[in-house]
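An overview of the molecular structure
Now for the letters of each chain:
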Amino acid sequence: MIRVKNVGLQYADGPEILTDLSFTLPDGSFHFLTGRSGAGKSTLLRMLYLGQRPSRGQMEMFGKDIGQLEPYELPELRRKIGVVFQNFRLISHLSVFENVALPLAIEGRNEEDYARNVVELLDWVGLGDKMDQFPALLSGGEQQQVAIARAVVASPQLLLADEPTGSVDAEMGERLLGLLIELNRQGATLVIATHDTGVLASHRHHAGELHLDEGGRLRQFPPVRAKAG
Amino acid sequence: MFHSKILPRQMMGARLLPLIIAVNVYLASLAITGGLALIASTGQWSNEIEQLVTVQVPPEAGVSGDAVVKSVLGVLREHPSVAKARPLELSEMEALLSPWLGRNSAIKELPLPQLIDVELRQGGEIDSLRKRLEAEFPGVEIDDHRQWRGQMLALANTSRLLCFTITSMILLAAVSVIVFATRASLESQGDLVALLHMIGAHNRFVAGEFQKYFLRLGLMGAVLGLMLLALSLVAINILIGDNPAPWLMRISFGPVDYALTALPLLSAALITMLTARFTVLRTLAAMD
Ligand SMILES: Nc1ncnc2c1ncn2[C@@H]1O[C@H](COP(=O)(O)OP(=O)(O)O)[C@@H](O)[C@H]1O
Ligand SMILES: [Mg+2]
């Protein structure tokens, strides 16, 4: 359960990008995060993956009041969160396998212990034959697959994706979305930032919506149950 | 050794780091070696000078000049402060004076004082000796080279200070260059550090990875620098040969000197490692 109450966020001493945010994400829920470009979607996701603390208000995650935590307590929480970054953020000197295994390697575990899991995951996302490639040689869609695999490899409780279908065609987009939704079915809370109306239209029947409006305020909508069809 | 699953095998600029460290370590070690040799040799000079005095028996002592010299020598050799006393031969006087008077000059004809080289015992004092000689043999002078000795000591102290200053500056330059190169190399890994931070890596884990990586580079550089230094010392000793001119010391080192020379090597590796550690930790701290 994630509870956000009266949260405001500004960068340095700039204007408030997010204003009076209050919402709740139940465990295992699925929401799209929408709003025009520059509305603050990436900023809100950054706040949710603990990359940026709110300037005011309260945020509760995994039973912890985030405002009260010391910096050294944050890594443990971050490990429960998987993020698909908008620009992938793949590490160019690491192979596909090593990129995906990174969240496991930072736990100090031995490669032998997790190698099989990583290989299985890569097969599942469709990159089984590209394990030893380096990111620069992959297509945009393949890079996005690597980013998704890395986000889910440590079985996160919260999965955040920033425009995961932004740089691929509709068919690949659906495929990538399918991977994230599968993780949500297995229990992860899922938030996907998107401005892709096609994606919204085909998935709003089972996903809620968090909409950021012009003033940096947020409105929350439940899934649209009465979908014609 | 120190294989990292996370860092690139070749970090930008890291290839040059061992070379940069080697050269700087080499220069620093060389400066220290030179300093130690200089300090050792000036120490030796001033010790020697401290123990030499010259006694002058003036020519006015008359026909019985030789007799006076003999009695002066007798007094000197009995005195508890004196280790050795030896009158200068005429040929030695000639050698000393030839720059002024030229060779084959009629030195014998000149009314020259007879000089006696006196070597004092360790800790021997000359005041009582001076009193006794001046009382018994009017006109006899005892010169403890105070003025010359003062100049030599001043020169020795100045060169030590200079050597210390130069060594410090080389060390300072070495430290700056190593810190700078390490940071530059780390800078190329900013994306990696940020990503590791965001996916929940502990600061000590990230710092540890970089620390190990840069310690390895530091040690490589230090060993390379040590090899350069060893080669130079061997070469210098060969060039000086077995019979060095008095002003060229053979560099012969004791354990303390070796330890001092090794200091830049170990420091360089350590500085490289610590720079990496603290730069990474500071970068990470700024992210929370
Ligand atoms: N690191 C930052 N520092 C300062 N301002 C930022 C930063 N990141 C984003 N912003 C500003 O915050 C606003 C929202 O940006 P963003 O969250 O990226 O919007 P979106 O993802 O909805 O397009 C923009 O006006 C942007 O310029
Ligand atoms: Mg964005």
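All values derive from a computational prediction rather than experimental measurement.

All names here are of chain B. Mapped onto the fold, threonine 54 is located in strand 1 (residues 52-57). The class for threonine 54 is buried, based on a relative accessible area of 13%. Expressed as a C-alpha distance, the spacing of threonine 54 and methionine 273, which sit 219 residues apart in the sequence, is 59 Å. When neighbours within four sequence positions are excluded, threonine 54 is seen to be in contact with Leu115, Ile116, Asp117, Glu141, Ile142, Asp143 and His145.

Residue and element names in this part refer to chain B. Across six bridges, the pairing between strand 1 and strand 3 (residues 114-120) is antiparallel. Across the sheet, residue valine 53 finds its bridge partner in strand 3, namely valine 118. In the sheet, strand 2 (residues 82-87) pairs with strand 3 via five bridges, with the strands oriented antiparallel. Considered in strand 3, the bridge of lysine 84 is made with glutamate 119.

On to the packing of aromatic side chains, then. Overall, the coordinates contain three aromatic pairs over all chains when judged by the stated rule. Geometrically, the ring pair formed by A:Phe30 and A:Phe32 is tilted, given 5.0 Å between the ring centres and 50° between the ring planes. For the pair A:Tyr49 and A:Phe85, a centre-to-centre distance of 5.4 Å together with 85° between the ring planes defines the contact as edge-to-face. Taken as a pair, A:Tyr49 in the loop between helix 1 (41-48) and strand 4 (56-61) and A:Phe85 in the loop between strand 6 (81-84) and helix 3 (96-105) lie far apart in primary sequence, 36 residues in all. Cation over ring: A:Lys80 sits above A:Phe62, and NZ or CZ is 5.5 Å from the ring centre. Sitting over the ring of B:Tyr213, B:Arg216 keeps its end group 5.4 Å from the ring centre.

With that settled, the discussion passes to the sheet that holds strand 2 of chain B. Residue and element names in this part refer to chain B. What the four strands build is an open sheet, ordered 2-3-1-4; its pairing is antiparallel. Bordering the open sheet on either side are strand 2 and strand 4 (141-143), each of which pairs with just one other strand. Across the sheet, the mean angle from the axis of one strand to that of its neighbour is 25°, orientation sign disregarded. Alignment of strand 1 against strand 4, held across three bridges, turns out to be antiparallel. Within the sheet, the bridge partner assigned to glutamine 56 lies in strand 4 and is glutamate 141.

A word on the interface of chain B and chain A. Residue-level contacts link 19 residues of chain B with 23 residues of chain A. Contact with chain A buries area across many residues of chain B, yet B:Lys5, B:Met198 and B:Ile199 alone supply 36% of it, more than any other trio. On inspection of chain B and its partner chain A, the count reaches one salt bridge. Counting across the chain B and chain A interface gives five residue pairs in polar contact (both at pLDDT 80 or more). Ranked by the residues each element gives to the side of chain B that touches chain A, the list is headed by helix 6 (residues 190-198) of chain B, at seven residues. Its residues placed into classes, the side of chain B that touches chain A shows twelve nonpolar, four polar and three charged.

Calculation notes
Residues numbered from 1 in each chain as written. Chains lettered and ligands numbered in written order. Predicted model: local features only at pLDDT ≥ 70, side-chain atom pairs only at ≥ 80, totals over all residues. Heavy atoms only, no water. Helix = DSSP H or I, 4+ residues; strand = E, 2+ residues; numbered from the N terminus. Buried < 20%, exposed > 50% of the residue type's maximum accessible area, 1.4 Å probe, protein only. Contact = heavy atoms within 4.5 Å. Pairing = 2+ DSSP bridges. Phe/Tyr/Trp six-rings, centres within 6.5 Å; stacked < 30°, edge-to-face > 60°. Lys NZ or Arg CZ within 6 Å of the ring centre and 35° of its normal. Axes fitted to C-alpha atoms, helices over the stretch in contact; angles between N-to-C directions. Buried area = accessible area lost by both parts, 1.4 Å probe. Salt bridge = Lys/Arg side-chain N within 4 Å of Asp/Glu carboxyl O. Polar contact = N/O pair within 3.5 Å; in protein donor to acceptor, adjacent residues only side chain to side chain. Nonpolar A, V, L, I, M, F, W, Y, C, P; charged D, E, K, R; others polar.

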